[in-house]
Amino acid sequence: MLLDDLINPTQSDELLDEFAKREIRRAMLAAVAIPGYQVPFGSREMPVARGWGSGGLQITLAVVHDDDVVKVIDQGDDDGVNAVNLRRLVTTSTGADQTSVAAEASVIQSRHRIPEDGLDEESILVLQVPVPEPLRGVERDMRELARMHAEADYSRMWVSLYEDKVRNGVITQTTGYPCLVNERYVVATTPIPRWDIPRLHESPFLTLFGAGREKRIYAIPPRTKVEPLTFDDVPFEVEDADGASCAMCKSSDAFLVSLPNSDVWMCSDTDWCRRTREANA
Amino acid sequence: MTTEVEYGRYPVARLAVPEWMLKVERLGRVYGPFDDAVIASTGPEVGSSKSALNGAVVAAWDVSFEVAAGEALGLVGESGSGKTTVLRCLAGDVAPSRGEARLRTAAGDVSMFELDPSARRRLRIDTLAVVYQDPAEGLKLNISAGGNIAEPLTAAGWRNFGNIRNRASELLTRTEVPINRMDDLVRGFSGGMKQRVQIAKALANSPSVVLFDEPTTGLDASVAAGVLDLIRSLLEEHRIAAIVVSHDFAVIEMLTSRCLVMQHGRVVENALTDQLLEDPHHPYTQRLVAAARS
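Below is a summary of the structure that appears in this document. Here the structure is a predicted model, which is why all the values come from computation and not from measurement.

A word on empty space enclosed by the protein. Over the atoms, a rolled probe matching the size of one water molecule traces out where space is still vacant. Residue and element names in this part refer to chain B. Evaluation of the coordinates by the stated rule reveals 1 cavity of 30 Å³ or more. Ile199, Leu203, Val210, Phe212, Ile231, Leu234, Leu235 and Ile240 are the residues that line the largest cavity. Elements represented by at least two residues in the lining of the largest cavity include exactly strand 9 (209-213) and helix 8 (221-238). It is helix 8 that provides the largest number of residues to the lining of the largest cavity, a total of 3 residues. Of the residues in the lining of the largest cavity, the class split is 8 nonpolar, no polar and no charged.

Listed below in structure tokens is the structure:
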């Protein structure tokens, strides 16, 4: 791209202009170069409200080309209202194709889940992050937070895990479990549940975290060490569905969610559930 | 073995001069611009620590002392005399304007004021601890007593939940906090118990130097006596080099063997504690002692 094109942009259907894309890509490069470090970026106004996936949307729009295939899920569901609208926004403004099958997608934007299967070296996982700061619960002063990250001073985070264990007997934190990335920075893994955390460790795919409201981007590059913070004698555990299986596809080895006020469990990843049923039939 | 040591104004027989653990030289802290004339325009002779020349406040100037392992040094003076400023400079909460503080650690001597802020904070984890007058400054009130002690332990690299629990209960037992209160929020503790938890936290990583800033000022007399007893036995037990800041001679008499008397930011008298109480030389010290004894 020539400087002249940047200065005199032609009108297009795209939501982000070239200046914005460039700035977001630079922030992403910095984030990949320093795994787990929260890079500030100039979060743009999007046609969705902040807090509704605007950070993930900006990352997706900055990485997607018209030859990409996009999958968007909300709580593991391709047909959630928010997922449908975001996917339509991305595909119509960039010309990219859409899919619900993770293996076919090159960019997967998600709130809450990593698809059960199908991610490989070619995939980019974009997560919509509500609260990017893992230490927000223990400290409010931004300067103090910056210092704690700079000095890798995470003792207060450990104290909060200690308190959780003392008060409840088990670690109760579900989404956003704090993890040490590349043996350096602690990140919030919001919005994904504990179930998906082991899958971030040494993963083949690139994970980009975007927080539009908090104006931060951070990343876990492929093949990066991701360790959940746990005490030596308190092993890290994923969610337990008490041996239940999916009411539709009978799977018991996927992340299951229960319907409200019932014992009925279902796969959280709806596309995986559909494919399992088709394979069983 | 005894040696003659020139101390104060007459020689005192003492055991062999102990090696210092913390050595402070010509420490000064001035709020505002200053030069020699500004410094000279303040002090006990002038009767103020605020300069008439430019309004700068000389909170502390030319404070020198050393403390050995197992020894407690008192810093006495009325409020505003600069004793807490000295302590806060040593703790790293306030930057000194001048001077040097050398601390003896396992890895050799370090000059505390030359360390960068992060190295300075690491020192606070396992080498130099502070017990503040206000427990809210040294503790997080909305977490449990055990959690407060877990903080310095995890900062020092402890990662075993069982070991942290054991160490915390050991410390709380030692500081006479009922062990069944270990998992209660510190917010709900009485003043004396908060102070005991703060002492337990300070001792978590067995520091070689502990700074006490008016450790019993907020407590009523009987509780204060208990806390003082505890501090005294801990100092002996762990061979800690301690600095005790107080305006209360009862505290100083009970804990310290030597003390400095400060007035308007300067040290006006430096003597053994019992000698100071029996035979104060400086007129200001005489007034202080008289006030405390009446």
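The next point concerns the layout of surface pockets. All names here are of chain A. Reported here for the second largest pocket is a volume of approximately 320 Å³. Lining the second largest pocket are 16 residues, and of these Gln38, Glu133, Ala146, His149 and Arg216 sit closest to its centre. Of all the secondary-structure elements, those providing two or more residues to the lining of the second largest pocket are helix 5 (142-150) and strand 7 (185-188). If one sorts the elements of the lining of the second largest pocket by residue count, helix 5 sits on top with 5 residues. Considering only residue class, the lining of the second largest pocket consists of 9 nonpolar, 3 polar and 4 charged.

Take the sheet that holds strand 6 (residues 178-181) of chain A next. Residue and element names in this part refer to chain A. Strand order in the open sheet formed by 3 strands is 7-6-10, with antiparallel pairing between adjacent strands. Lying at the two open borders of the sheet, with one neighbouring strand each, are strand 7 and strand 10 (226-228). Here the strands of the sheet are splayed against their neighbours by 35° on average, with no regard to which way each runs. Relative to strand 7, strand 6 runs antiparallel, the two being bridged by 4 bridges. Residue pairing for strand 7: Leu180 is matched across the bridge by Val186.

Moving on, we come to the pairing of strand 12 (residues 266-272) of chain B. Residues and elements named next belong to chain B. Counting buried positions along strand 12 yields 5 of 7 residues, so the element is predominantly enclosed. Examined bridge by bridge, strand 11 (residues 258-263) and strand 12 share 6 bridges and lie antiparallel to one another. The partner of Gln263 across the bridge, within strand 12, is Arg266. In textbook terms, the turn of a hairpin is the stretch between consecutive antiparallel strands, and for strand 11 and strand 12 this stretch comprises 2 residues, one of which, His264, has a positive phi near 45°.

Cut-offs and rules
Residues numbered from 1 in each chain as written. Chains lettered and ligands numbered in written order. Predicted model: local features only at pLDDT ≥ 70, side-chain atom pairs only at ≥ 80, totals over all residues. Heavy atoms only, no water. 1 Å grid on protein atoms, 1.4 Å probe; cavity = no way out; pocket = protein on both sides within 12 Å on 5 of 7 lines; lining within 4 Å. Points joined across faces, edges and corners; volume = space filled by probe spheres on them. Helix = DSSP H or I, 4+ residues; strand = E, 2+ residues; numbered from the N terminus. Nonpolar A, V, L, I, M, F, W, Y, C, P; charged D, E, K, R; others polar. Pairing = 2+ DSSP bridges. Axes fitted to C-alpha atoms, helices over the stretch in contact; angles between N-to-C directions. Buried < 20%, exposed > 50% of the residue type's maximum accessible area, 1.4 Å probe, protein only.

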